[in-house]
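Residue-level structure breakdown
Single-letter residue listing:
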Amino acid sequence: MTKRALLIALCCILFFNSTFAQAPAETEEHRKARMQWWTEARFGMFIHWGIYSVPAGIYEGKEIPGIGEWIMNKGKIPMAVYQKYAAQFNPVKFNANKVVALAKAAGMKYIVITSKHHDGFAMFKSDASNFNIVDATPFKRDVILEMAAACKKQGIKFGLYYSQAQDWNHPGGAANGGQWDPAQKGSMDEYIDKVAVPQMKEILTKYGPISVLWFDTPTDMTPERAARVHETLKLQPNIIINNRLGGGFGGDLETPEQFIPATGYPGRNWESCMTINDTWGYKINDKNFKSTKVLVQNLIDIASKGGNYLLNVGPTAEGLIPEEEVTRLKEVGSWMNKNGESIYGTTHSPFSYLGWGRATQKGQTIYLHVFNWPKDGVLKVPLKSDVLDAYPISSRKTSLPVKRIADGVLVNISSIPHDSIATVIGLNIKGEAIAEPAPSVGKPITASSQLNTDNSAAKAVDGSALTKWSAAKADTTATLTIDLGKATNIAAVAIQEGSNKEVNIKEYRVEYQQGGEWKLLFDGKKIGRGFLKTVTPVTAQVFRLNIVKALPGIQIQEFTLFKE
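Residues numbered from 1 in each chain as written. Predicted model: local features only at pLDDT ≥ 70, side-chain atom pairs only at ≥ 80, totals over all residues. Heavy atoms only, no water.

Things to note about the overall build of the protein
For the protein, the count of helices and strands is ten helices and 24 strands. Relative to the globule expectation of 24 Å for 564 residues, the C-alpha radius of gyration of the protein, 26 Å, shows essentially globular dimensions. For the protein, the spread of C-alpha atoms along the three principal axes comes to 80 × 60 × 55 Å. Going through the 564 residues of the protein one by one, you find that 54% of them count as buried. Taking contacts inside the protein between residues at least 6 apart in sequence as the whole, the part at least 24 apart equals 70%. Entry remark: accessible area of the protein is about 24,500 Å², with carbon and sulfur atoms responsible for 53%. (Helix = DSSP H or I, 4+ residues; strand = E, 2+ residues; numbered from the N terminus. Rg over C-alpha atoms; globule rule 2.2 N^0.38 Å. Buried < 20%, exposed > 50% of the residue type's maximum accessible area, 1.4 Å probe, protein only. Contact = heavy atoms within 4.5 Å. Areas by Shrake-Rupley, 256 points an atom, 1.4 Å probe, with all protein chains shown as cover.)

Structure, rendered in structure tokens:
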């Protein structure tokens, strides 16, 4: 190689390195600024909508089990057959301004809508594929464009869901459970390069600021594939992404789906996405709608653990949100109009457990949310800090009596009316909120076995659902035993097996030691994503989770005991 050629080659290398060098790591200050609106919002609307609303859960005259947007997969519908639904999709009753107005009336601060779900159908005009709402349907309108404009007009943050890996209508796209139609065969790398990446660039450049990008099910997403998708996010530097891109990219948010983690995810931003009935995409026969009371109490529970609530609606093929969902969202909004200050901008509860409800905090104010009205009209609050005053937030001038006791304060609420969903009491405190952690956190714990040191028993009592204890690989029974150090009055127990669909445990007992014998506190058949169970209080020093029947692969993320 000549000196001239060597110099040219060196210049090319320097240019490549300077052009494609990894961006500097984000500072904590910038991350907090980027996340601020989201952490203050606490409540958002998820919208699952696409041509799966045409069959609405029915294929060849039969109801297909599972959720509505998965009908193509669960029904093993061939590509050529499914794609015909596009010609029947003409949602002339859709009105973006009305949808956004409903979200706003419910008290929601942001919207995330499916731009493309696993069926591969784009709800926007795409040059990467003509399988989209403008080119393939008689409707010929760009829904994402209209929603972006409506959100901007009404002051709602706008976000998009995009299925980056699964795509059942473009050759090479991934499919959970495997492909079923020869037409789906192809190169996934080619799908990433010719469909996913170009469409990501489209949605990140055509619709103004995108506040949230929601990825999903990273099937077959290698680090290299994920990196090509992730690179497009530079087009929106302030965007917030979830943890489902795959390929080792963590994202900004943990995303528990259809459940509320018993202890939240301390130190992490997280968002529970949940449905109002049982499906995400519209199913004509799904009438199992949750009550307004459940929806509001879910929101409070999530906020009390430091998370956000992303609540889903599934419009019909006509473009209308089902009336049952509209009614409930308006009722949620009515409660939020009166009590929203106890949700927006709040942080997690200072208390590990409150038998009568939940709590949130904002600055020097603690908001008590009373679900279960005490028979004597007195709330016991395990707070060591001084209380300056207490009042119902519906009537700030009403001062409530507060009495200091050895392990907290008593707040007398007997004189005020109670809300059938949740009555909110404000406590203005002096200094920092001081409360005891759950008595089991960090206490000595032993296990019958462990998979390795990274999955030791201590992980089950470390206060984090992001870690776990795992038993030896082949075990089908196991125990976790906690020594609290002294006799403690226990009134509730939280157990979480996994964050996804881990249901290896088939039978278990929660027990306590008394007089040298193990006594039953409660038992059950399934733990799964977890629960918080109130029990008849018992006083004991040693408790255990006795897993008496399970499939191999036993694990527990959290085993937490709470004082009365």
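Some remarks on unusual backbone geometry
Across residues other than glycine, the phi torsion is negative in most instances, and most of the peptide bonds are trans. The phi torsion at A56 lies on the positive side, around 55°, for a residue other than glycine. Mapped onto the elements of the fold, A56 is located in the loop between strand 1 (43–47) and strand 2 (58–59).

Description of the pattern of salt bridges
Summed over all chains, the structure comprises 28 salt bridges. Where E63 meets K283, a salt bridge forms, and the shortest distance between an N and an O atom there is 3.9 Å. You can see E63 sitting in strand 3 (residues 62–63) and its partner K283 sitting in the loop between strand 8 (271–275) and helix 9 (292–304), a full 220 residues away along the chain. Overall, the relative accessible area of 9% leaves K283 in the buried class. One salt-bridge network, in which partners are shared between bridges, spans D189, D193, R225 and R228. (Salt bridge = Lys/Arg side-chain N within 4 Å of Asp/Glu carboxyl O.)

Let's talk about the packing of helix 5 (residues 96–105) against helix 6 (residues 143–154)
Two elements in contact, helix 5 and helix 6, have axes whose closest approach is 8 Å; the angle formed by their N-to-C orientations is 45°. Relative to helix 6, the element helix 5 is oriented oblique. Handedness of the helix 5/helix 6 crossing: right-handed. Across the interface between the two elements, A96, N97, V99, V100, A101 and K104 from helix 5 touch E146, M147, A150, C151, K153 and Q154 from helix 6. (Axes fitted to C-alpha atoms, helices over the stretch in contact; angles between N-to-C directions. Parallel < 35°, antiparallel > 145°, perpendicular 65-115°, else oblique. Left-handed = near helix turned anticlockwise from the far one by under 90°.)

Here we look at the sheet that holds strand 7 (residues 240–241)
Spatial strand order, 7-6-5-4-1-9-8: seven strands in an open sheet with parallel pairing. Lying at the two open borders of the sheet, with one neighbouring strand each, are strand 7 and strand 8. Where strand 1 lies against strand 4 (residues 110–116), four bridges are found, and the strand directions are parallel. When the sheet's bridge partners are listed, F46 is paired in strand 4 with V112. Here helix 7 (residues 188–205) sits on the sheet in contact with strand 4, strand 5 (157–162) and strand 6 (212–214), set at roughly 170° to strand 5. (Pairing = 2+ DSSP bridges.)

Thoughts on the side chain of Q297
Here Q297 shows up in helix 9. Sequence-distant contacts of Q297, defined by excluding residues within four places in its chain, comprise F371 and I421.

Remarks on the confidence of the model for the protein
Of the residues in the protein, 95% reach a pLDDT of 70 or more, and the chain-wide mean stands at 94. For residues 1–23, every residue scores under 50 in pLDDT, and the model assigns this stretch two contacts once sequence neighbours within four places are set aside. (pLDDT = per-residue confidence, 0-100.)

Observations concerning helix 9
The terminal C-alpha atoms of helix 9 lie 18 Å apart, and with 13 residues this matches the ideal 18 Å at 1.5 Å per residue to within 8%. Of all 13 residues making up helix 9, eleven are buried, and the element is well covered by its neighbours. Buried within helix 9 are the following residues: T292, L295, V296, Q297, N298, L299, I300, D301, I302, A303 and S304. Considering only its buried residues, helix 9 is in contact with strand 1, strand 8, strand 9 (308–313), helix 10 (323–339), strand 10 (357–362) and strand 11 (365–370). Where helix 9 ends, the next residue or the one after it, G306, has phi of about 85°, a positive value. (Expected span 1.5 Å × (residues − 1).)

Some words on the sheet that holds strand 15 (residues 408–412)
Each strand in a sheet pairs with its neighbour through backbone hydrogen bonds, running either in the same direction (parallel) or in the opposite one (antiparallel). What the three strands build is an open sheet, ordered 12-15-14; its pairing is antiparallel. A strand with exactly one partner marks an edge of an open sheet, and here the two such strands are strand 12 (378–381) and strand 14 (402–405). The mean inter-strand angle of the sheet, taken between neighbouring strand axes irrespective of direction, is 20°. Note that strand 12 and strand 15 share four bridges and pair antiparallel.

Some details on the nonpolar core
Of all hydrophobic cores here, the largest spans 101 residues; its most connected members are M147 and L213. Considering every element that reaches this core, the biggest residue donor is helix 7, with nine residues. One finds I445, V461, A471 and Y508 within the second-largest nonpolar core, a separate group that totals 32 residues. (Core = buried A, V, L, I, M, F, W, Y, C linked by side-chain atoms within 4.5 Å.)

Some remarks on the packing of aromatic side chains
With the rule as written, the count across this model stands at 19 aromatic pairs. Here the aromatic residues W49, F89, F94, F121 and F131 are joined through ring pairs into a cluster of three or more. Positioned over the ring face of Y344 is K109, at 4.5 Å from the centre of the ring. (Phe/Tyr/Trp six-rings, centres within 6.5 Å; stacked < 30°, edge-to-face > 60°. Lys NZ or Arg CZ within 6 Å of the ring centre and 35° of its normal.)

Concerning helix 10
Taking 1.5 Å per residue as the helical rise, helix 10 with its 17 residues ought to reach 24 Å, and the 24 Å between its terminal C-alpha atoms agrees with that figure. Residues E325, V326, R328, L329, V332, G333, W335, M336 and N339 constitute the buried set of helix 10. Contact partners of the buried residues in helix 10: strand 1, helix 5, helix 9, strand 9, strand 11 and strand 16 (423–430).

Considerations on the environment of S470
Along the chain, S470 falls in strand 18 (residues 469–470). Residue S470 is classed as buried on the basis of its relative accessible area of 7%. Put simply, S470 and K459 are eleven residues apart on the chain and 9.1 Å apart in space, counted from C-alpha to C-alpha. When near neighbours in sequence (up to four residues on either side) are disregarded, S470 contacts S449, Q450, L451, N455, I554 and Q555.

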